[in-house]
Amino acid sequence: MGVFGHPARRQVTDPGEVALNARNVSFDWTAVPLHWMRTEPVASHVLNSLNLLLPEGERNFLVTFGEALPFVRDEKLREDMLGFIGQESMHAETHADSHESLLIANGIDPRPFIRQTEHLFRTTIGPRRSTTTRAGRQQLVDRLAVIASLEHFFAFLGDWVLNSELERFEADPRMLDLFRWHGAEEVEHRNVAHDVAEYFGVGYFRRGALMLLVFPTFLVLLVRGTKFLARQDPALPDLGYPRLLLRILGAMRRGALPGIPSLLISALSTFKPGYTPETVGSTAQAIAYLAKSPAARAAS
């Protein structure tokens, strides 16, 4: 067992380089419980808040990569970018589809928080200048570097959820499959955003500076989203931030969420000279899960 109950990764034969393709999936969200990890309501809301952040964030990725594509002359990288775009588009729409059944059906209105995420991704870190100008191209490079930083954590989370034992907390198998299907594809395409940032000249110092900004911002957004959901949850007491953080830390210790040490180690790994995401997760394990994902099999 690893940090905070993270099980050892199963060894699977490396399949070598794979072509990235979007996979159709079909989920039945009927009667999914709000606390989809029945014994871990706060951990459920942490991942539910991620579920709220992902659609708009990934739509931002699609817009940014679409702007970057005309400047890319490397055919292999273009192919990887198109595969990435296809997978992220499917992720965004699938997570958005789950909001109504999971949250609204359980008495929680997610729209105020979604409006905040729209402002963040469309206005704050969205396109602001034409890429026909030098300033616009530099802003595009910064946005690509932000995506590379976020994709590092999404691959980390994908590896974590593939190797976690969330069944111990009586997790709903449909929600578990949602996060494992998504996580497996994040591991599968973990190198793409980094390779794009490198292609556009994002160097060590710019990457490090943006990671120092992205990492705490990502965590703050998750906690804000968790607070937003917990406040509307009639089954939970009124939790201020100190009590909420204590409950989140408790869920981490029990293995229902990634632990602080593993998050910090993952973030710090990006500051190593010559860093690549290649060691974050296993492509073989990801593909093995995707071959058996109930939602992917239902759509085939």
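Residues numbered from 1 in each chain as written. Predicted model: local features only at pLDDT ≥ 70, side-chain atom pairs only at ≥ 80, totals over all residues. Heavy atoms only, no water.

A. Looking closely at the packing of aromatic side chains. Overall, the coordinates contain 11 aromatic pairs when judged by the stated rule. A ring pair is formed by Phe-154 and Phe-218, whose centres lie 5.9 Å apart and whose planes are at 70 degrees; its orientation type is edge-to-face. Note that Phe-154 is positioned in helix H4 (residues 134-163) and Phe-218 in helix H7 (residues 204-232), a separation of 64 residues in sequence. Comparing Phe-154 with Phe-218, the two get one shared label, buried. Pairing Tyr-204 with Phe-205 gives two aromatic rings, centres 5.4 Å apart and planes at 85 degrees, and the pair type is edge-to-face. An aromatic cluster is defined as three or more aromatic residues linked by ring pairs; in this entry it consists of Phe-61, Phe-153, Phe-154, Phe-215 and Phe-218. We note Lys-227 situated over the ring of Tyr-241; from NZ or CZ to the ring centre the distance is 5.6 Å. (Phe/Tyr/Trp six-rings, centres within 6.5 Å; stacked < 30°, edge-to-face > 60°. Helix = DSSP H or I, 4+ residues; strand = E, 2+ residues; numbered from the N terminus. Buried < 20%, exposed > 50% of the residue type's maximum accessible area, 1.4 Å probe, protein only. Lys NZ or Arg CZ within 6 Å of the ring centre and 35° of its normal.)

B. Structural detail: the pattern of salt bridges. In this structure the tally under the stated criterion is 17 salt bridges. Its salt-bridge partner being Glu-40, residue Arg-254 comes within 2.5 Å of it at the nearest N-O pair. Linking Arg-254 in helix H8 (residues 241-254) with Glu-40 in the segment before helix H1 (41-68), this pair joins segments that are 214 residues apart in sequence. Look at Arg-254 and you get partly exposed, because its relative accessible area is 43%. Under the relative-accessibility criterion, Glu-40 is labelled buried at 5%. In this structure, the salt-bridge partner of Arg-59 is Glu-93, at a minimum N-O distance of 3.3 Å. Here Arg-59, found in helix H1, pairs with Glu-93, found in helix H2 (residues 75-102); they are 34 residues apart in sequence, far enough to count as distant. In the salt-bridge network here, residues are joined through shared partners; they are Glu-56, Arg-59, Glu-93, Glu-118 and Arg-122. (Salt bridge = Lys/Arg side-chain N within 4 Å of Asp/Glu carboxyl O.)

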